[in-house]
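# Results of the structural survey
Letter by letter, the chains look like this.
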There are 4 protein chains.
Amino acid sequence: MHSMRANVYRVPAAGPDDVSGVEALFAAGLRLKNVVAIMGKTEGNGCVNDFTRGYASRCFETMFAKQGVTGVCLVMSGGTEGALSPHWTVFPRERSDAPASHALSIGTARTPTLPFHHLGRLQQILAVAEGVKAAMRDAGIDDPRDIHFVQVKCPLLTLDRVSAAEHEGETVATRDTLKSMGLSRGASALGAAVALDELDHSEIADGDICKRFELFSRCASTSAGVELADHEILVLGIGKGWCGSFAIDHAVMENAIDPSAVRKARDRLPANAKLAALLAKAEPDPSGKVAGRRHTMLDDSDISGMRHARAFVGGVLAGVFGMTDLYVSGGAEHQGPSGGDPVAIIVEKES
Amino acid sequence: MHSMRANVYRVPAAGPDDVSGVEALFAAGLRLKNVVAIMGKTEGNGCVNDFTRGYASRCFETMFAKQGVTGVCLVMSGGTEGALSPHWTVFPRERSDAPASHALSIGTARTPTLPFHHLGRLQQILAVAEGVKAAMRDAGIDDPRDIHFVQVKCPLLTLDRVSAAEHEGETVATRDTLKSMGLSRGASALGAAVALDELDHSEIADGDICKRFELFSRCASTSAGVELADHEILVLGIGKGWCGSFAIDHAVMENAIDPSAVRKARDRLPANAKLAALLAKAEPDPSGKVAGRRHTMLDDSDISGMRHARAFVGGVLAGVFGMTDLYVSGGAEHQGPSGGDPVAIIVEKES
Amino acid sequence: MHSMRANVYRVPAAGPDDVSGVEALFAAGLRLKNVVAIMGKTEGNGCVNDFTRGYASRCFETMFAKQGVTGVCLVMSGGTEGALSPHWTVFPRERSDAPASHALSIGTARTPTLPFHHLGRLQQILAVAEGVKAAMRDAGIDDPRDIHFVQVKCPLLTLDRVSAAEHEGETVATRDTLKSMGLSRGASALGAAVALDELDHSEIADGDICKRFELFSRCASTSAGVELADHEILVLGIGKGWCGSFAIDHAVMENAIDPSAVRKARDRLPANAKLAALLAKAEPDPSGKVAGRRHTMLDDSDISGMRHARAFVGGVLAGVFGMTDLYVSGGAEHQGPSGGDPVAIIVEKES
Amino acid sequence: MHSMRANVYRVPAAGPDDVSGVEALFAAGLRLKNVVAIMGKTEGNGCVNDFTRGYASRCFETMFAKQGVTGVCLVMSGGTEGALSPHWTVFPRERSDAPASHALSIGTARTPTLPFHHLGRLQQILAVAEGVKAAMRDAGIDDPRDIHFVQVKCPLLTLDRVSAAEHEGETVATRDTLKSMGLSRGASALGAAVALDELDHSEIADGDICKRFELFSRCASTSAGVELADHEILVLGIGKGWCGSFAIDHAVMENAIDPSAVRKARDRLPANAKLAALLAKAEPDPSGKVAGRRHTMLDDSDISGMRHARAFVGGVLAGVFGMTDLYVSGGAEHQGPSGGDPVAIIVEKES
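Residues numbered from 1 in each chain as written. Chains lettered and ligands numbered in written order. Predicted model: local features only at pLDDT ≥ 70, side-chain atom pairs only at ≥ 80, totals over all residues. Heavy atoms only, no water.

## A word on the overall build of chain A
For clarity, the cut-off: The numbering of helices and of strands both runs from the N terminus, where a helix is a DSSP run of H or I of at least 4 residues and a strand a run of E of at least 2. Values of the radius of gyration come from C-alpha atoms, whereas the globule rule sets the reference at 2.2 Å times the count of residues to the power 0.38. Accessible area is worked out with a 1.4 Å probe on protein chains only. A residue is then buried under 20% of its type maximum, exposed over 50%, and partly exposed in between. Residue exposure ignores everything except the shown protein chains as possible cover, and the areas themselves are Shrake-Rupley values with a 1.4 Å probe. All tallies of charge rest on Lys and Arg as positive and Asp and Glu as negative; His and the ends of each chain are not included. In this description, the location of a charge corresponds to atom NZ of lysine, CZ of arginine, CG of aspartate or CD of glutamate.
What chain A contains, in helices and strands, is seven helices and 15 strands. Against the compact-globule benchmark of 20 Å for 351 residues, chain A has a radius of gyration of 19 Å, which places it among compact chains. With the C-alpha coordinates aligned to their principal axes, the bounding extent of chain A is approximately 55 × 50 × 40 Å. The burial tally for chain A puts 63% of its 351 residues in the buried class. If you sum the accessible surface of chain A, you get close to 12,800 Å²; carbon and sulfur atoms cover 50% of it. Positive and negative charge centroids in chain A, built from 36 and 43 side chains respectively, lie 3 Å apart.

## What about the side chain of Asp-208 of chain B?
Quick reminder of the rule: Residue contacts follow a heavy-atom distance rule, with two residues in contact if any of their heavy atoms lie within 4.5 Å.
With respect to the helices and strands, Asp-208 of chain B occurs in the loop between helix H5 (177-195) and strand E8 (220-224). Once residues within four sequence positions are removed from consideration, Asp-208 of chain B is found in contact with Glu-203, Leu-215 and His-334 of chain B.

## Some points on the UniProt feature "binding site: Mg(2+)" (unreviewed entry) in chain A
Residues and elements named next belong to chain A. Let me state the cut-off plainly: UniProt positions are given in the numbering used here, feature names are shortened, and annotations may be inferred rather than shown by experiment.
Under the local residue numbering, the UniProt record ascribes the feature "binding site: Mg(2+)" (unreviewed entry) to Glu-283, Ala-332, Gln-335, Gly-336, Pro-337 and Gly-340. Over a stretch of 58 residues, the named residues converge on one spot in the fold, their C-alpha atoms separated by at most 10.6 Å. Here Glu-283 is in contact with Met-306, Ala-309, Ala-332, Pro-337, Ser-338, Gly-339 and Asp-341, once residues within four sequence places are set aside. Within the secondary structure, Gly-336 is located in the loop between strand E14 (327-330) and strand E15 (341-349). The residues touching Gly-336, leaving out its near neighbours within four places in the chain, are Phe-216, Ser-217 and Pro-342.

## A short note on the relation of the copies chain A and chain B
Quick note on the threshold: The least-squares superposition of copies is restricted to C-alpha atoms, and to residues with a pLDDT of at least 70 in both copies.
Once chain A is rotated about the relating axis by 180° and shifted along it by 0.0 Å, it coincides with chain B to within an RMSD of 0.0 Å. The relationship between the two copies is best expressed as a two-fold rotation axis. A shared interface surface links the copies, since 100% of the contact residues of chain A are contact residues in chain B too.

## Details of the environment of Asp-302 of chain B
Worth spelling out the cut-off: Counting of polar contacts relies on pairs of N or O atoms within 3.5 Å, with two restrictions inside protein: one atom must be capable of donating a hydrogen and the other of accepting it, and residues adjacent in sequence are counted only when both atoms are side-chain atoms.
With respect to the element layout, Asp-302 of chain B can be found in the loop between strand E13 (293-294) and helix H7 (305-321). Asp-302 of chain B sits 107 residues away from Ala-195 of chain B along the chain, and the two C-alpha atoms are 39 Å apart. Here the side chain of Asp-302 of chain B touches Asn-45 of chain D through a polar contact of 3.2 Å, side chain to side chain.

## Quick word on the interface of chain A and chain C
Applied cut-off: Accessible surface is computed with a 1.4 Å probe, and the buried area is the amount of it that two parts give up when combined, taken over both parts together. Salt bridges are identified by distance alone: a Lys or Arg side-chain nitrogen within 4 Å of an Asp or Glu carboxyl oxygen. Each residue gets one of three labels, nonpolar for Ala, Val, Leu, Ile, Met, Phe, Trp, Tyr, Cys and Pro, charged for Asp, Glu, Lys and Arg, and polar for the others, Gly among them.
Facing nine residues of chain A, the contacting portion of chain C comprises nine residues. Between chain A and chain C lies a buried interface of about 770 Å² when both sides are counted; carbon and sulfur atoms form 37% of it. For the interface between chain A and chain C, the tally reads two salt bridges. Asp-302 of chain C serves as the salt-bridge partner of Arg-307 of chain A, at 3.9 Å between the closest nitrogen and oxygen. Inspection of the chain A/chain C interface yields eight residue pairs in polar contact (both at pLDDT 80 or more). Residue composition of the side of chain A that touches chain C, by class: two nonpolar, three polar and four charged.

## What about the pattern of salt bridges?
A complete count under the given rule lists 76 salt bridges over all chains for this structure. Arg-293 of chain A is the partner of Asp-325 of chain B in a salt bridge, and the nearest nitrogen-oxygen pair spans 3.1 Å. Highlighted residues: Asp-325 of chain B in the loop between H7 and strand E14 (327-330) and Arg-293 of chain A in strand E13 (residues 293-294), drawn from two different chains. Asp-325 of chain B gets classed as buried once you look at its relative accessible area, which sits at 1%. Among the ionic pairs, Asp-143 of chain B bridges to Arg-145 of chain B, the shortest N-O distance being 2.9 Å. Exposure remark for Arg-145 of chain B: the relative accessible area of 69% places this residue in the exposed category. Taken together, the shared-partner salt bridges in this structure form one network comprising Glu-81, Arg-307 and Arg-310 of chain A, Asp-300 of chain B together with Asp-302 of chain C.

## A closer look at the relation of the copies chain A and chain C
Rotating chain A by 180° about the axis while translating it 0.0 Å along that axis superimposes it on chain C, leaving an RMSD of 0.0 Å. Take the interface residues of chain A: 100% of them recur as interface residues in chain C, which is what a same-surface contact looks like.

## Considering a positive patch on the surface
Keep this limit in mind: The patches described consist of residues with a relative accessible area above 30% and no salt bridge, like charges being joined within 9 Å and nonpolar side chains (Val, Leu, Ile, Met, Phe, Trp, Tyr) within 5 Å.
A surface patch of like charges, here positive, comprises Lys-179 and Lys-211 of chain A together with Lys-179 and Lys-211 of chain C. Here Lys-179 of chain C shows up in helix H5 (residues 177-195). Exposure remark for Lys-179 of chain C: the relative accessible area of 53% places this residue in the exposed category.

## Here we look at the sheet that holds E14 of chain A
Picture the strands of a sheet paired through backbone hydrogen bonds; they go either parallel or antiparallel. Residue and element names in this part refer to chain A. Heads up, the condition is: Strand pairing requires that DSSP identify at least two bridges connecting the strands. Axis definition: a line fit to C-alpha positions, over the contact stretch in the case of helices; interaxial angles, taken between N-to-C directions, run 0 to 180 degrees.
The strand order across the open sheet built from four strands is E10-E15-E11-E14, with neighbouring strands paired in mixed fashion. Two strands close off the open sheet at either side, each with one partner strand: strand E10 (246-253) and E14. Sheet twist, expressed as the mean angle between neighbouring strand axes with direction ignored, is 15°. Taken together, the seven bridges between strand E11 (residues 273-282) and E15 define a ladder with antiparallel strand orientation. In the sheet register, Leu-279 faces E15, and the bridge partner there is Ala-344. On the sheet, helix H6 (residues 260-268) packs against E10, E11 and E15 and is oriented at approximately 160° with respect to E10. Contacting E10, E11, E14 and E15, helix H7 (residues 305-321) runs over the sheet at an angle of about 155° to E11.

## A word on the pairing of strand E10 (residues 246-253) of chain D
All names here are of chain D. Burial of E10 is extensive: eight of the eight residues sit out of reach of the surface. Every second residue of E10 is oriented toward a common face, with Phe-246, Ile-248, His-250 and Val-252 on one face and Ala-247, Asp-249, Ala-251 and Met-253 on the other, all of them buried. Pairing of E10 with strand E15 (residues 341-349), which is carried by eight bridges, proceeds in the antiparallel orientation. From the neighbouring strand, Ala-247 faces E15, where its bridge partner is Val-347.

## Focus: unusual backbone geometry
Apart from glycine, the bulk of residues carry a negative phi angle, and the bulk of peptide bonds sit in the trans form. Of note in this structure, His-334 of chain C is not a glycine but carries a positive phi near 60°. Structurally, His-334 of chain C can be placed in the loop between strand E14 (327-330) and strand E15 (341-349). Among the residues examined, His-334 of chain C registers a relative accessible area of 1% and is labelled buried. Phi at Ala-291 of chain D takes a positive value of approximately 50°, unusual for a residue other than glycine. Locating Ala-291 of chain D in the fold gives a position in the loop between strand E12 (289-290) and strand E13 (293-294).

## Quick look at the packing of helix H1 (residues 20-27) of chain A against helix H2 (residues 52-66) of chain A
All names here are of chain A. Quick note on the threshold: Oblique is the label for every angle not falling under 35 degrees (roughly parallel), over 145 degrees (roughly antiparallel), or within 65 to 115 degrees (roughly perpendicular). Handedness of a crossing follows from how the near helix is turned relative to the far one, being left-handed for an anticlockwise turn of less than a right angle and right-handed for a clockwise one.
Running from N to C, H1 and H2 cross one another at 25°; their axes reach a closest spacing of 11 Å. As summarised for this structure, H1 and H2 are arranged roughly parallel, according to the angle between their axes. The handedness of the crossing between H1 and H2 is right-handed. Of the residues in H2, those touching H1 at Val-22, Glu-23 and Phe-26 are Phe-60, Met-63 and Phe-64.

## Considerations on the interface of chain A and chain B
At the junction of the two partners, chain A supplies 38 residues and chain B supplies 38 residues. Summing the contributions of chain A and of chain B, the shared interface buries around 2,900 Å²; its carbon and sulfur component is 54%. Seen at the junction of chain A and chain B, the total is six salt bridges. Note that Glu-43 of chain B is salt-bridged to Arg-294 of chain A, the shortest N-O span being 2.7 Å. Our count for the contact surface shared by chain A and chain B stands at 16 residue pairs in polar contact (both at pLDDT 80 or more). It is H7 of chain A that provides the largest number of residues to the side of chain A that touches chain B, a total of nine residues.

## Looking at the packing of aromatic side chains
The condition that has to hold: Classification of ring pairs uses Phe, Tyr and Trp, with its six-membered ring standing for Trp, and accepts pairs whose centres are within 6.5 Å; under 30 degrees between planes counts as stacked, over 60 as edge-to-face, and the remaining range as tilted. A ring is scored as having a charge over it whenever the NZ atom of a lysine or the CZ atom of an arginine sits within 6 Å of its centre and within 35 degrees of its normal.
Overall, the coordinates contain 10 aromatic pairs over all chains when judged by the stated rule. Ring plane angle 70° and centroid distance 6.3 Å describe the contact between Phe-26 of chain D and Phe-64 of chain D, whose orientation is recorded as edge-to-face. Of this pair, Phe-26 of chain D sits in helix H1 (residues 20-27) while Phe-64 of chain D is found in helix H2 (residues 52-66), placing the two residues 38 residues apart along the sequence. By relative accessible area, Phe-26 of chain D is classed as buried at 14%. A relative accessible area of 3% means that Phe-64 of chain D is categorised as buried. Looking at Lys-41 of chain C, its charged tip hangs above the ring of Tyr-327 of chain C, at a distance of 5.8 Å from the centre.

## Here we look at the sheet that holds strand E11 (residues 273-282) of chain B
All names here are of chain B. If you trace the four strands from one edge of the open sheet to the other, you get E10-E15-E11-E14, paired in mixed fashion. Each edge of the open sheet is held by one strand with a lone partner, namely strand E10 (246-253) and E14. Across the sheet, the axes of successive neighbouring strands diverge by a mean angle of 15°, strand direction being ignored. Set on the sheet, H7 makes contact with E10, E11, E14 and strand E15 (341-349); between it and E11 the angle comes to about 155°.

Printed below as a string of structure tokens:
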């Protein structure tokens, strides 16, 4: 009787092209073909003209291609503001002879190619919901309550894609390509919420996407990229057929300065364990206030509000955990409540 | 037998010109002539071209001038990065008939005009040390250990001032006017350290200023401004002849992600008290690392490292205190250890 | 038989609070009460959180108030990118005994208070058109072809204003306050176009504002401010009842790199004359290209596209005129063709 | 009797990884092994944390490596501010049967590895001078007056390199790695000046580097990179043994707003020719003024002065040539006079 074992490695990066720390893992015995996903924090601005994400992906693709390995899920998030530290988190999994118990489990899936007139609409929500369910099956998890983190990489519209759709007589949700990123992220997050039974798809209409922010998932983390036309999905949870020393839980900070829910989630995890990875979303509270006091993040024309938010929430979380190589990512449409920040915590039990 | 009573008001600011909250205090009975100092956080970049400091000072000067009041110490610090909130902290003091006990005390002093060839040299250190001692006397505090915060506003060199000094046959410490700001801040912090018996002036040579950062004060907060040629000094501590419900203590964060010393300082203060003001310094760790991990604040050519540091340390402290109208100020030469952050905490006991 | 004489002074500014150069004009004989308008370029970012505009206005208001003068039109534009130089342009006018000839003429007007549900709609266009006609009468100009520059300062929506309108049962054009700035600037520019017979108001519908950019004025320069609820209008042209040595013409650069139309306009003006003021608008070409080549201004999340555009177009114009104290202002909805830049040129004939 | 023929291709780039336009040249018949150099303008900030340079270099290296080609000189300059357009300029050369005449010639050379304690000192100047002479020989040019552009890619100090030098008992010119970039650029520019007989090496002492800016080359363009320990040198000039339709000349703008010298250089080139490439340096005038008027580039803590300067000088030059894919590069120690901008112009004669 076999079980599966997931592992988590947090590796410092000296720059977006520094894959040497990951290569060292392989030199030390980690098998490349076991790697399911790499999530990176790179030191760009995390906004439109952040090329550190593409640069890092290119370097990893080259590294894997040399060994004939393809299909690894690469999720690069730009922005290491404040004292946040650029790093890679490597997620391998493998078969094990150890008895299965409750442990960190990893699943992935890809959806079919999305017709571009479906982007930012109910059809995308449903496609992602199916994909998340497939990733849950891959992770051996039935109960949505055992899922603690859902990462979705989703497509966006380009001028070419808009033209192609219109050529076929279809109408797209928006002709504004930047706006299509938000719509795709939002629809993907709502798709995760549907898969996790947080929302019923019948409650959601096309017009709610990026409008009714009271609809959200407490576990979703989504990012849009030009390089794909389908969805690449990674789920992390606690699976029954899994073994190993890693555990995961999650929490939602109700605002940017209240880490109490995060502390409680940490306290639900084993005490004799060290932090393996922290995966969080951050955004400037759209109300313009935090806990009743004005913030200036949305009025600052010199620094993007996303950069402010990552620096600040990064500080809040680093102050709690005493660690700076945290995955804090911006752009949180329908990912946690408005102004609130979803946080997943992975720990490794000490043996 | 009289005593003195200090008070602390924290007032939101809707912009650098919004003095309406302070005017409301006066309308509600606070007497203008009792105001000793106003410390403001304004929403500029906190760097060279931050005009929100001058704008705010201008608005307060106009307000006081209308009432014939002059000489109020105005300390404006730019930069409310992350969720930090623009606000004013008003410090009045008055005579009281209540019995004296140990309570928050406020003292101020001005030094004689500084000959400009003394700036950034031992003579400035000695002048500030004398000034801090005078402010301590004004606050009725003998023991340096009862001082928890020293604010010094110090002069800087301009091309005109350099020329004037050279015309008299003197040599200035630097002809670089930007550099003169750091030297003046550093010498002023060392002057505070000498007054507070943290350092002996015989240990310090001209060449140590902004070089030997292992010499520092745990309480000093200094800023340079073009508008004065002497030093404006404010000390906060616990004085014996004072009454009232405010108490103060201080701590030094050894690095940007360890608020444990701050928590301990808070725990030394009365439990049945609410936070009245938090006064902190922040800077990017000059080693390029925090707790062994690389940060990117000093390599970011888009955002000043000072802005990163205020956002991040602001997050750490806001996560501890659940409040965003904190005074977090950058530029910390000889103010706390290299990469470490001095923090003063003022609480108001509940009655 | 009297005539009117307009004058133009270009004064360097050492900072947003430096009114000393203008005070020197008064000390040298210029009468304060003759000053109709001051147009300033200040060194802020020219975007949302640019407080140098308010700071400069405050300083001028204080200066005028001391002399009992009110009602001077103050137009402050932030952003002196590249080598552009902060400065004030002072426009006085006075009665003269010299015979009237064709010369620079200045007129001003204010519209009635705008009901806030009219903002960004046809009613605002009509109100501004009336105001521009009033300013033309004030300048003694009948023929719209004699107008070369129309500056309109227009209101914007705030949350309070939206609430007030909705309380009265009205619907506003947008509830997004930032968006209301663009709508107000756009409607004001179209109002100028109607007044100048560039457009017929029957051609324009509410939905065209900030949408159909093929509708535009070749002379309008508009800016929105929170401090007014009506419109403050300044027109510059060639009036018949005016004397003096100043002349004005205008041109529209068809794209950011073709100053040939500007050279031609300069050549239409007297040769034995020196440049007195140059008033231009600049914006990143919304097509993402200039002359067929991609630009990156709209994808730069570190620097606002407006700042890029002012720096670059400032360079183009400075290269033509050999001068850096040019008034180059951003935000050009319906002010010139899409991606094109309207430029007014004022020269002073040598005597 | 053979001659050499140089060619120049200007290719748009859709991003730092877009080598497709260059690949299209190869598909159309250009031979990879003929390519001597590629100079690129990429859309990063052109400062410390600009990873678009490395990303672009990586993509070209991969492209060349696939075909077994190595040793191509890749010069990537970040920063396409204003309407400047990202692009590559490809320089191939080949043997030709056409008769030799005066035409654009290209030469390259590499110096021996630089002992790191020589960096920023007279020894580096001499090493570069030798290298430039070797590149001149490679280009078949004897007379320094026939050289119009010298590009030097030079090394910098890292902590490891400093340690290595000190371990051997040597002292380095600076332990500040950022400062070492300026020293290396400055020494390299002075090396070019020596090779071109603009300066005599006996006039220059170690202490003059990055100090005495009245010493400079009118043709040098230098950039420091961590990836090499020697110098990579490219010279462009008019060689006698060359054929083809390209010609080159150069000029120095005495300040940022006077393109008259550039116009004159263009006029010295054939009239029936179109612009093939423009290679310029730009920097904020260190005096703080341009033509007597204050600029704010050096006081702007939000935008690097280099970015301001490239945008503005880019505008000046684009206004002259009506083209935005210009190579405008920052950081001009000893490259042209202080505040002045060297410009090389390459044209292609129409046949």
